[in-house]
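Here are the chains, one letter per residue:
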Amino acid sequence: MGESALRAVAKRQAPRWLVEAVRWRRSVWGDLRLRLLTEVGHLPSHRLRNACYRRAGLVLARTSSIHWRAEFYAPERIVIGAYTTIGDSAFLDGRSGLWIGDRVNLGSHVTIWTRQHDIDSRDFAEVGGPVTVGNYAVLGSGCTVLPGVTIGAGAVVAAGAVVTRDVAEYTMVAGVPARFVRDRPRDLDYRLGYAKRFV
């Protein structure tokens, strides 16, 4: 019998008060953990912050950096590739899965959501899907990416844009909602991952 099957049997056999107590403990710890990670975001050391983020389950390449004041949901479901730079005050939601590729640049105050509420649902149900950001993509400052979106390799999202649907490779989008602006060259060859001192 596997661990999940044993857990299901134990849950059925346990008294209701115990099941509720365990659920409450998990909920409180989950919220406290996110709060602690938010506080970690204010530490003036990339090395220390990144070590804490990795300890929380976030997969972060050694050559990449996350600048200060980052916030997360479900960091254990976030993967960030090599030579990638995440600007300050980013919000990254990993609840449905978030994959950010190699040599990606996220500007300051970028927000990526993988879950949201269905406003047409009778019970305001939570829905969503994973977000993928391809290699060499650039997300400008203050842009927002909504659940289930794939941003193709080399794509550019202009500052302040709201991305509601997939962005094709090597294209630039802008606006609310984001729309095609122009193509981008395909012969890209650069590395990021720089980290400003103390931020």
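Let me sum up the structure you'll find in this document.

Reading the values: the criteria
Residues numbered from 1 in each chain as written. Predicted model: local features only at pLDDT ≥ 70, side-chain atom pairs only at ≥ 80, totals over all residues. Heavy atoms only, no water. Helix = DSSP H or I, 4+ residues; strand = E, 2+ residues; numbered from the N terminus. Expected span 1.5 Å × (residues − 1). Buried < 20%, exposed > 50% of the residue type's maximum accessible area, 1.4 Å probe, protein only. Pairing = 2+ DSSP bridges.

**Regarding helix 2 (residues 16-40)**
Alright, step 1. Taking 1.5 Å per residue as the helical rise, helix 2 with its 25 residues ought to reach 36 Å, and the 36 Å between its terminal C-alpha atoms agrees with that figure.
Alright, step 2. Inspection of helix 2 places Val19, Leu34, Leu37, Thr38 and Val40 among the buried residues, and these make up the whole buried set.

**Topic: the pairing of strand 19 (residues 179-183)**
Alright, step 1. Two strands pair when backbone bridges link them, and strand 18 (residues 171-174) and strand 19 are joined in this way by 4 bridges, in the antiparallel orientation. If you follow Val173 over to strand 19, its bridge partner there is Phe180.
Alright, step 2. Two successive antiparallel strands, strand 18 and strand 19, enclose a turn made up of 4 residues, where Gly175 displays a positive phi of approximately 100°.

**Some thoughts on the sheet that holds strand 7 (residues 98-100)**
Alright, step 1. One open sheet accounts for 5 strands, arranged 1-4-7-12-15; its pairing is parallel. Each edge of the open sheet carries a strand with a single partner, namely strand 1 (59-60) and strand 15 (150-151).
Alright, step 2. Bridge count for strand 4 (residues 78-80) against strand 7 is 3 bridges, and the pairing is parallel. Following the sheet pairing, Ile78 is matched in strand 7 by Leu98.

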